[in-house]
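Structural overview for review
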Amino acid sequence: MSVHSLPTPFGQAIVVLNESGAVTKLTLGDIQGAPELTPDHPVYQQLAEYFAGKRTEFDLKLAPSGTPFQQEVWAALREIPFGLTKTYGEIAKGLGKPDAIRAVGRANALNPIWILIPCHRVIGASGSLTGYAGGLSMKQGLLELESRQRSLF
């Protein structure tokens, strides 16, 4: 396992990679002394392209740790198209568990891999932005970035 830092428009991020180079964690924060990923590293490149509006999908190896249900939810999040949103209820129904809305919300909140598993694309049933670990202004910023870029692709 290796821990690195990564600059983003939202501040420093922490990237944790397992022995095979798969991302196990990506979150905002700063760890003193963690080496910064180099610009030629695939995680650095793909996130820089995303923030620059040049990438709509990621092809990085991900290895988040979670329960089987959390893994199902996180896989469903990765299926939400760039620039679009789904509600917690839509995700629960898509998993064949229409009564698991709160459980989907909890799994969404525990997502360990920011942006690459796009939990920011999940909204409330009324279309409102709901809780987000980075704050609602960051969630809105990510959705606006994707909305602007979606029209270009």
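Structure first, text after, so check above.
Let me sum up the structure you'll find in this document. (Residues numbered from 1 in each chain as written. Predicted model: local features only at pLDDT ≥ 70, side-chain atom pairs only at ≥ 80, totals over all residues. Heavy atoms only, no water.)

What follows is about the nonpolar core. As a rule of thumb, soluble globular proteins bury nonpolar side chains together. Within the largest apolar cluster, 38 residues are counted, with the highest numbers of intra-cluster contacts made by Leu26, Val43, Leu47, Leu77, Trp114 and Leu116. Elements that contribute at least two residues to this core include exactly strand S2 (11–17), strand S3 (23–28), helix H1 (42–51), helix H2 (68–78), helix H3 (88–94), helix H4 (101–109) and helix H5 (136–150). Setting aside anything within four residues of it in sequence, one finds Leu47 in contact with Leu6, Leu26, Phe58, Ile115 and Leu116. (Core = buried A, V, L, I, M, F, W, Y, C linked by side-chain atoms within 4.5 Å. Buried < 20%, exposed > 50% of the residue type's maximum accessible area, 1.4 Å probe, protein only. Helix = DSSP H or I, 4+ residues; strand = E, 2+ residues; numbered from the N terminus. Contact = heavy atoms within 4.5 Å.)

Bringing the pairing of strand S1 (residues 2–8) into the picture now. Taken together, the 7 bridges between S1 and S2 define a ladder with antiparallel strand orientation. Residue Ser5 lies in a different strand from S2, and its bridge partner there is Ile14. (Pairing = 2+ DSSP bridges.)

Moving on: the pattern of salt bridges. Within this structure, the stated rule accounts for 3 salt bridges. Between Glu72 and Lys97 there is a salt bridge; the shortest N-O distance is 2.9 Å. Remark: Lys97 occurs in the loop between H3 and H4 and Glu72 occurs in helix H2; sequence separation between them is 25 residues. Owing to a relative accessible area of 31%, Glu72 belongs among the partly exposed residues under this scheme. Here Glu146 makes a salt bridge to Arg121, at a shortest N to O gap of 2.8 Å. (Salt bridge = Lys/Arg side-chain N within 4 Å of Asp/Glu carboxyl O.)

Attention shifts here to the packing of aromatic side chains. Aromatic ring pairs are defined here through the distance separating the ring centres and the angle between the ring planes. Tallied over the entire structure, the rule returns 6 aromatic pairs. Summarising the aromatic geometry, the rings of Tyr50 and Phe51 are spaced 5.2 Å apart at their centres and angled 75° between planes, so their arrangement reads as edge-to-face. When the centroid spacing of 5.5 Å and the interplanar angle of 45° are considered together, the rings of Tyr50 and Phe58 count as tilted. By the burial criterion, Tyr50 is buried, and Phe58 matches it. Feature note: the residues Phe10, Tyr50, Phe51, Phe58, Phe82 and Trp114 constitute an aromatic cluster, connected by ring pairs. (Phe/Tyr/Trp six-rings, centres within 6.5 Å; stacked < 30°, edge-to-face > 60°.)

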